[in-house]
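# Overview (structure and organization)
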Amino acid sequence: MSTNQDNLSPVERIKQQSHGLRGTLKQSLTDEATGALREDDQSLMKFHGMYQQDDRDRREERSAKKLEWLYSYMIRLRLPGGFLTPEQWVGLHHIAGEHSTGVIKITTRQTVQLHGILKSHVKPTIKAFDTLKLDSIAACGDVNRNVVCGAHPKQSAIHEEIFRYADKISTLALPKTRAYYEVWLDENSLLEKKDETDPLYQDRYLPRKFKIAIAIPPHNDVDVFANDIGLIAIIEDGKLKGFNIAAGGGLSTTHGNPNTYARLATVLGFADTEEKTLKAVYEIITIQRDYGNRSDRKQARLKYTIDKMGIEAFRQELEKRCGFALERERPYEFTQRSDYYGWQQNHEGKWYYTVFSENGRVLDEAQLALKTALLEVARTGKANFRFTCNQNVILSDIDPKDKKEVEAILERFGIIEHTEKAGAVRKSAIACVAFNTCPLALAEAQRYLPTLISKIEPVLEKYGLSDDAISLRMTGCPNGCGRPYVAEIGFIGTAYGQYNLHLGGDREGLRLNKKYRENLDEPAILRELDKLFSEYSKNRKKGETFGDFALREKWV
Ligand code: SRM
Ligand code: SF4
């Protein structure tokens, strides 16, 4: 019942003819003449949680030597709610060392990625993950992605109950095909004949990627309104009453294409039972499947589908498909988005330590051996690992009698000092991956932001703003992987060394920012910030945040 049967984009054909996302992946993998995959398989691989990439730092050198680019693969795990046991972390540590660059990257959607995996290592990597009961199914591609959930267990005695929804929704929206098991884990398709009829995805899957987040007020660490579907847990008298359901969030824009825009999700209403919540989620996905734009991928996200249909028509279609109407949205309040660092204790007396892992990069460096420290903690078997959408890791569920042991490791490796000493802006900042692996990067992000912040910090200090946790986010292109459009200060890469500067977002993720200046290089960025911070420090009202001030001053 698609409204877009004509003029299908090439990816639609690839999906439809893929024989349940199998394509010719098996053949592509065994072709030793190239480090790359056949073109169609590159698209299909994403549905299995993997991307073909190349080392962009080495393109010129390779081309000069008439060699093909240095192809490798990124694998992203499906981790609903972002949780690993200590045994799984130990396993991940070793897999990263054996098959990838060794760096474990915590993403802005609460999971981990490994980069630089050569073609011959992809299958062994997936097999190794499988022994840990981990998979990468649907971590990328035109399907529902990793379902994220408020990470901080401290917040509520019913965190576990809400957290379980991430898993339920992830399972509900998993593709039915066995392709992953056949291609990567050698499942025998003849012996394991299973019904692959997929009532949700049918044979063309979704028109575009699809993202779902669950927020637990007052914390919006998941940036719930940046998602195709956002569930806001409504807790009254310490009990989960249900969820406000929002739809149509998405951040990406394309430079020079005015038809693309960032949009925050619109709250549609409230569902009071698990059955209704899951049904509404499912049917929002089916509406997007049936009405989403399948000819222009730049107009294919749910946000455009909703704006094209109109919110009331969308709501009516949803009610029709659900067979019930959502109730009126319930009140909620978000007061925080960045992580609560350091030690916290939950309602059961269990301890949590949120480690600051700058831009989610877990590695051993001269000044900080974060990766070894986390391995040591995992080896004790006394802390679980939870990832946050702010790219940090929480060592969690630590029994009071074990706290000293974990703390001693964190002290020994300087993790506590590192977490405590980092400045307020640095600790609330996010940067996407960008160079050297992201093929879409126009400018640096995670490799550059730490240095830029070191230059911004003296400016903040000059104006007495060092403790002001202004949210600052940077991406290497306008796709928005670090969610810069909902930051108080957003840097969006336009060319190597140049960024658009966005201002006016808030600290809780309830407001989009706007473009203030275009194509700034580093000296221009520092000049602008000096001017803006000076104004802010002199003229702000008591308690006024930088983002609110920027709006009041009509800078944007
Ligand atoms: Fe993203 C594409 C990295 C979160 C919007 N994103 C990519 C790719 C896969 C590049 C590509 O298509 O080849 C990047 C891989 C870089 C690399 O080398 O690893 C990439 N995105 C990331 C991560 C790893 C950034 C990070 O540093 O943490 C995040 C992984 C999340 C995860 O675990 O699933 C990541 N991406 C996001 C977010 C933020 C979010 O979801 O909260 C967004 C904006 C929200 C949204 O979707 O609207 C985002 N990524 C995109 C887009 C634009 C989508 C669109 O609507 O047009 C692309 C490009 C595309 O899909 O065509 C993209
Ligand atoms: Fe790559 Fe752009 Fe996403 Fe950064 S925002 S990871 S540069 S696609």
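Scroll up to find the structure this text is about.
Conventions used here
Residues numbered from 1 in each chain as written. Chains lettered and ligands numbered in written order. Predicted model: local features only at pLDDT ≥ 70, side-chain atom pairs only at ≥ 80, totals over all residues. Heavy atoms only, no water. Helix = DSSP H or I, 4+ residues; strand = E, 2+ residues; numbered from the N terminus. Rg over C-alpha atoms; globule rule 2.2 N^0.38 Å. Buried < 20%, exposed > 50% of the residue type's maximum accessible area, 1.4 Å probe, protein only. Contact = heavy atoms within 4.5 Å. Near = heavy atom within 4 Å. Polar contact = N/O pair within 3.5 Å; in protein donor to acceptor, adjacent residues only side chain to side chain. Nonpolar A, V, L, I, M, F, W, Y, C, P; charged D, E, K, R; others polar. Pairing = 2+ DSSP bridges. Axes fitted to C-alpha atoms, helices over the stretch in contact; angles between N-to-C directions. Phe/Tyr/Trp six-rings, centres within 6.5 Å; stacked < 30°, edge-to-face > 60°. Donors = N, O, S within 2.8 Å, 3.2 Å for Na, K, Ca; no water.

### Section: the overall build of the protein chain
What the protein chain contains, in helices and strands, is 18 helices and 20 strands. In terms of C-alpha radius of gyration, the protein chain reaches 23 Å, essentially the compact-globule figure of 24 Å for 556 residues. Judged by the C-alpha coordinates and their principal axes, the protein chain covers about 70 × 55 × 55 Å. Across the 556 residues that make up the protein chain, the buried fraction comes to 60%. For the protein chain, contacts bridging at least 24 residues in sequence account for 68% of all contacts bridging at least 6.

### What to know about the site of ligand 1
Around ligand 1 lies a shell of 30 residues, among which Thr107, Leu251, Thr437, Cys481 and Arg483 are the nearest. Within the side chain of Gln113, a nitrogen or oxygen atom sits 2.9 Å from an oxygen atom of ligand 1. Contact between ligand 1 and Ser252: an oxygen atom at 3.1 Å from a side-chain N or O atom of the residue. A per-class count over the shell around ligand 1 returns 10 nonpolar, 12 polar and eight charged.

### Overview of the environment of Gln288
Within the fold, Gln288 resides in helix H9 (residues 274–291). Of the residues examined, Gln288 reaches a relative accessible area of 0% and is grouped as buried. Here the alpha-carbon distance between Gln288 and Asn479, two residues 191 residues apart in the chain, equals 20 Å. Among residues more than four places away in sequence, those in contact with Gln288 are Pro207, Phe210, Ala300, Arg301, Leu302 and Thr305. In this structure the side chain of Gln288 is engaged in a polar contact, spanning 2.7 Å, whose partner is the backbone oxygen of Ala300.

### Regarding the side chain of Asn227
Relative to the helices and strands, Asn227 is located in the loop between strand E7 (212–215) and strand E8 (229–236). Only 2.8 Å separates the side chain of Asn227 from the side chain of Arg109, close enough to count as a polar contact. Not counting residues within four places of it along the chain, the set of residues in contact with Asn227 comprises Arg109, Lys211, Ile212, Ala213, Val222, Gly248, Gly249 and Ala265.

### As for the sheet that holds strand E16 (residues 430–431)
Strand pairing in a sheet relies on backbone hydrogen bonds, with the paired strands running either antiparallel or parallel. Strand order in the open sheet formed by five strands is E16-E17-E18-E19-E20, with mixed pairing between adjacent strands. The open sheet terminates on both sides in strands that have one partner only, identified here as E16 and strand E20 (514–520). Bridging between strand E17 (residues 472–475) and strand E18 (residues 489–495) involves four bridges; their strand directions are parallel. For Thr475, the partnering residue across the bridge sits in E18 and is Ile492. The sheet contacts of helix H17 (residues 522–539) involve E18, strand E19 (498–503) and E20, and relative to E20 the element is tilted by about 145°.

### Let's talk about the packing of aromatic side chains
Think of a pair of aromatic rings as described by two things: how far the centres are apart, and how the planes are tilted against each other in angle. Counting across every chain of the model gives 21 aromatic pairs. Ring geometry for Trp89 versus Phe385: centroids 4.7 Å apart, planes at 10°, classification stacked. Of this pair, Trp89 sits in helix H5 (residues 86–99) while Phe385 is found in strand E14 (residues 384–387), placing the two residues 296 residues apart along the sequence. A single burial state applies to Trp89 and to Phe385, both of which are buried.

### Concerning the pairing of strand E2 (residues 71–76)
Taking burial as the measure, the six residues of E2 include six buried ones, the bulk of the element. Side chains of E2 alternate between two faces, with Tyr71, Tyr73 and Ile75 and Ser72, Met74 and Arg76 buried alike. By the bridge criterion, five bridges tie strand E1 (residues 50–54) to E2 in an arrangement that is antiparallel. The residue of E2 that forms the bridge with Gln53 is Ser72.

### Topic: the coordination of the iron atom of ligand 1
For the iron atom of ligand 1, the protein contributes exactly one donor atom, Cys481 (SG), at 2.3 Å. Mapped onto the elements, Cys481 comes out in the loop between E17 and E18.

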